[in-house]
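The chain contents come next:
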Amino acid sequence: MKTVFSPRHAGHSGNVELDTNEIVPAYEKPSRAEFIRARIEAVGLGPIVEPQAHGLETARKVHDPAYLEFLESVYPEWLAAGRSGTAMPYVWPTRALRADVVPTSIEGKIGFYAFDAGATFVAGTWDAVRSSHDSALSAASLVESGEPAAFALCRPPGHHAGSNFAGGYCFINNAAVAAQWFLDQGAKRVSILDVDYHHGNGTQEIFYRRSDVQVVNLHADPLFEYPHFLGHADEGGEGAGEGFNHNLPMARGTDWSGWSKALERGFKLVSDYTPDVLIVSLGVDTFERDPISQFKLVSDDYPKIGREIARLRLPTLFVMEGGYAVEEIGINAVGVLTGFEDR
Ligand SMILES: NCCCCCC(=O)NO
Ligand SMILES: [Zn+2]
């Protein structure tokens, strides 16, 4: 299986995040991608190629163009306002506030275009975001040109980013842009299967009113887990999208026996939808020793996920999302891919 990966991800580094009530080095750090790349080489998964540059025309079909312009300008504006270090929001347009007027101050604007304090910017963030987006589209074109599967080693991740908001370490929703790209190439239906520990609220929001992209999420129940305010089982889609969004929330402490039952239910939903292509939002923070998560999958479970996905017999694009136990993230993420190839 080929991997598309850009060293430009490393520009998104040195940033901090708000963890409970203290500012800490961001969990979403460059070593995550480096451990995965090293594991790909160690097991001989296949070639690792750099992405071709892609414009934002496809991204503009799933993200508000003004939001994309914000992502590009936010850090220069942060500096122009006399600020330094990590650009981080701290005020948001929640209930009883207005979200129809975009503030002109950088502190207002950064909050307007975010849903949490978890998408923070440094000088190299936008370039890293573009390279991650390019990796997703370059890997998608490998699948489109006949590869049975390809891996987009995306960093930063994307599944929390919605049409006009960043959050949870996500800026451009790489999987959503890839889904749109497949449709633009002639696909009629695309399934996105999100196996990350956290609900992909951004992916759900982007396609919630559409029937041409099915979204199936397996995740920790938002009653107790981030993103807290989306991901319940009753969110089935709206309008034309009714019946094409599926949430399978699970309890704290879920291990393989429980998680694999949800996976089977997810596969039934995907096969009943008969998509032309499957996109897997591959988060491996379901791992028992992930520092910010509370499921109990073990490393031997990840090849099983890959083998099960392969049974769907669909052209498959794997897009990297979360996972923070850095030493094991390579073993677990690449385990899915070698399992898919039944190696
Ligand atoms: N405290 C912020 C938690 C962000 C979760 C990021 C993630 O792994 N999403 O899949
Ligand atoms: Zn996650």
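Since the structure is predicted, the reported quantities are computational estimates derived from the model, not experimental observations.

> I keep staring at the coordination of the zinc ion (ligand 2) and nothing clicks. Help me out?
A four-donor tetrahedral metal ideally has 109.5 degree angles, and a six-donor octahedral metal ideally has angles of 90 or 180 degrees. On the protein side, the zinc ion (ligand 2) has D196 (OD), H198 (ND1) and D285 (OD) as donor atoms, found 1.9 to 2.1 Å from it. Taken together, the six donor atoms coordinating the zinc ion (ligand 2) and their angles of 30 to 160° define a geometry best described as irregular. When the donor residues of the zinc ion (ligand 2) are listed from N- to C-terminus, their spacing reads D-x1-H-x86-D. Of the two residues, D196 is situated in the loop between β6 (190–194) and α6 (201–207) and D285 in the loop between β9 (277–282) and α8 (301–310); the sequence distance between them amounts to 89 residues. Neither residue differs from the other here; D196 and D285 are each classed as buried.

> Would you take a moment to explain the nonpolar core for this structure?
Soluble globular proteins tend to pack their nonpolar side chains together in the buried interior. Residues L71, F121, F182, V190, F207, I279 and L317 are the most contacted members of the largest nonpolar core, which totals 53 residues. Judged by nonpolar contacts, the second largest core, of 46 residues, contains A262, F267, F295 and F340.

> Which parts of the structure should I look at to understand the side chain of Q204?
On the secondary structure map, Q204 appears in helix α6. Excluding residues that lie within four positions of it along the chain, Q204 makes contacts with H199, V215, L230, E235, N245 and N247.

> Mind showing me how you'd approach the layout of surface pockets here?
Over the atoms rolls a probe the size of a water molecule, and in doing so it shows where empty space is left. Put simply, the largest pocket is a space of about 700 Å³. Looking at which element gives the most residues to the lining of the largest pocket, the answer is α6, with three residues. A class-by-class count of the residues in the lining of the largest pocket yields 13 nonpolar, five polar and four charged. Space inside the second largest pocket adds up to approximately 540 Å³. Residue lining of the second largest pocket: 25 residues in total, with E17, L18, D116, Y169 and Y226 positioned closest to the centre. For the lining of the second largest pocket, a count of residues per class yields ten nonpolar, eight polar and seven charged.

The rules we used
- Residues numbered from 1 in each chain as written.
- Chains lettered and ligands numbered in written order.
- Predicted model: local features only at pLDDT ≥ 70, side-chain atom pairs only at ≥ 80, totals over all residues.
- Heavy atoms only, no water.
- Donors = N, O, S within 2.8 Å, 3.2 Å for Na, K, Ca; no water.
- Tetrahedral: all angles 85-135°; square planar, octahedral: opposite > 155°, others 65-115°.
- Helix = DSSP H or I, 4+ residues; strand = E, 2+ residues; numbered from the N terminus.
- Buried < 20%, exposed > 50% of the residue type's maximum accessible area, 1.4 Å probe, protein only.
- Core = buried A, V, L, I, M, F, W, Y, C linked by side-chain atoms within 4.5 Å.
- Contact = heavy atoms within 4.5 Å.
- 1 Å grid on protein atoms, 1.4 Å probe; cavity = no way out; pocket = protein on both sides within 12 Å on 5 of 7 lines; lining within 4 Å.
- Points joined across faces, edges and corners; volume = space filled by probe spheres on them.
- Nonpolar A, V, L, I, M, F, W, Y, C, P; charged D, E, K, R; others polar.

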